[in-house]
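# Summary of the model geometry
So you can see what is in the structure, the chains are spelled out below.
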Amino acid sequence: MEKSVDISIAEFEVLEVLWQKHPATANEIIERLNQKKQWHDKTVKTLLNRLVKKAAISFEQEQRRYFYYPLVEREAYTHSESQSLIERMFSGRVSPLIASFAKNKHLEKDDIEELKQIISSWEQENKREEND
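Residues numbered from 1 in each chain as written. Predicted model: local features only at pLDDT ≥ 70, side-chain atom pairs only at ≥ 80, totals over all residues. Heavy atoms only, no water.

### Quick look at unusual backbone geometry
Put simply, the rule is: The secondary structure listing takes helices from DSSP runs of H or I that are at least 4 residues long and strands from runs of E that are at least 2 residues long, numbered from the N terminus.
Of the consecutive residues His-22 and Pro-23, the connecting peptide bond is found in the cis state with omega at -5°. Checked against the element boundaries, Pro-23 lands in the loop between helix H1 (9–20) and helix H2 (26–33). Even without a glycine there, the phi angle at Ala-55 is positive, about 60°. Looking at where Ala-55 falls in the secondary structure, it is placed in the loop between helix H3 (41–53) and strand S1 (57–62). One non-glycine residue with positive phi stands out, namely Ser-91, at about 50°.

### Side note on the nonpolar core
For the record, the criterion: We define the nonpolar core as a collection of buried residues of types Ala, Val, Leu, Ile, Met, Phe, Trp, Tyr and Cys that are connected through side-chain atoms lying within 4.5 Å of one another. Here's how the labels work: a residue is buried when its accessible area is under 20% of the maximum for its type, exposed when over 50%, partly exposed in between, all with a 1.4 Å probe on protein chains only. Pairs of residues are marked as contacts when any of their non-hydrogen atoms sit within 4.5 Å.
Among the nonpolar cores identified, the biggest contains 22 residues, and Ile-29 and Leu-48 are the most heavily contacted of them. Only H1, H2 and H3 provide two or more residues apiece to this core. For this core, the element with the highest residue contribution is H1, accounting for five residues. Beyond its immediate chain neighbours, meaning those up to four positions away, Ile-29 contacts Val-14, Val-17, Leu-18, Ala-24, Val-44, Leu-48 and Tyr-68.

### Here's the deal with the pattern of salt bridges
Under the convention used in this document: Between Lys or Arg on one side and Asp or Glu on the other, a salt bridge is scored when a side-chain nitrogen of the former is within 4 Å of a carboxyl oxygen of the latter.
Within the structure shown, the criterion is met by four salt bridges. Close ionic contact of Glu-13 with Lys-37 constitutes a salt bridge, the shortest N to O distance being 3.6 Å. Placement of Glu-13 in helix H1 and of Lys-37 in the loop between H2 and H3 is noted, with a sequence separation of 24 residues between them.

### Considerations on the packing of H1 against H3
Packed helix pairs are characterised by how far apart their axes lie and by the angle those axes make with each other. This is how it is decided: Helix axes are fitted to C-alpha atoms over the stretch in contact, other axes to C-alpha atoms as well, and angles between N-to-C directions run from 0 to 180 degrees. An angle below 35 degrees is read as roughly parallel, one above 145 as roughly antiparallel, one from 65 to 115 as roughly perpendicular, and any other as oblique. For this classification, Asp, Glu, Lys and Arg are treated as charged, while Ala, Val, Leu, Ile, Met, Phe, Trp, Tyr, Cys and Pro are nonpolar and the rest, including Gly, are polar.
One can describe the packing of H1 onto H3 by two numbers: an axis separation of 10 Å at closest approach and a directional angle of 90°. By the angle between their directions, the pair H1 and H3 is classed as roughly perpendicular. Contacts between H1 and H3 pair Ala-10, Glu-11, Val-14 and Leu-15 from the former with Leu-47, Leu-48, Arg-50 and Leu-51 from the latter. A breakdown of the residues in the contact of H1 with H3 according to their chemical character gives six nonpolar, no polar and two charged.

### Focus: the packing of H2 against H3
Stated precisely, the cut-off is as follows: Each crossing gets its handedness from the near helix: less than a right angle anticlockwise from the far helix is left-handed, clockwise is right-handed.
In the contact formed by H2 and H3, the axes pass within 10 Å of each other and the chain directions differ by 115°. Judged by the sense of rotation from one axis to the other, the crossing of H2 with H3 is right-handed. In this structure, H2 uses Ala-26, Ile-29, Ile-30 and Leu-33 to contact H3, whose residues at the interface are Asp-41, Val-44, Lys-45 and Leu-48. When grouped by side-chain class, the residues that make up the contact of H2 with H3 number six nonpolar, no polar and two charged.

Structure representation (structure tokens):
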């Protein structure tokens, strides 16, 4: 994804449903959203229209039904949003973000182990590149 799409929290919830399974009709999206909380049909249709205008999703029409699908990949979107957050809040540095979580006890043992593995893999990859 070249440029970050500005997506609201409600729009993200709609996108999340489409990332899980697409293509989907508006009624299918509403049904899946309603599994977590009640959504008004009109609200979801408005959000779908906004996401189409933002080029985050598109649709194909078959007779009188519209089938929606994402144009933005979840991984690309979350990466872009993460980068944006880190730039805005931490001057582009990741360590203050992680330190903040650690200080407030928001890091579980599994999180710490996963971070150690990521760092170790990154270090090994960089050593290989330096030796090439």
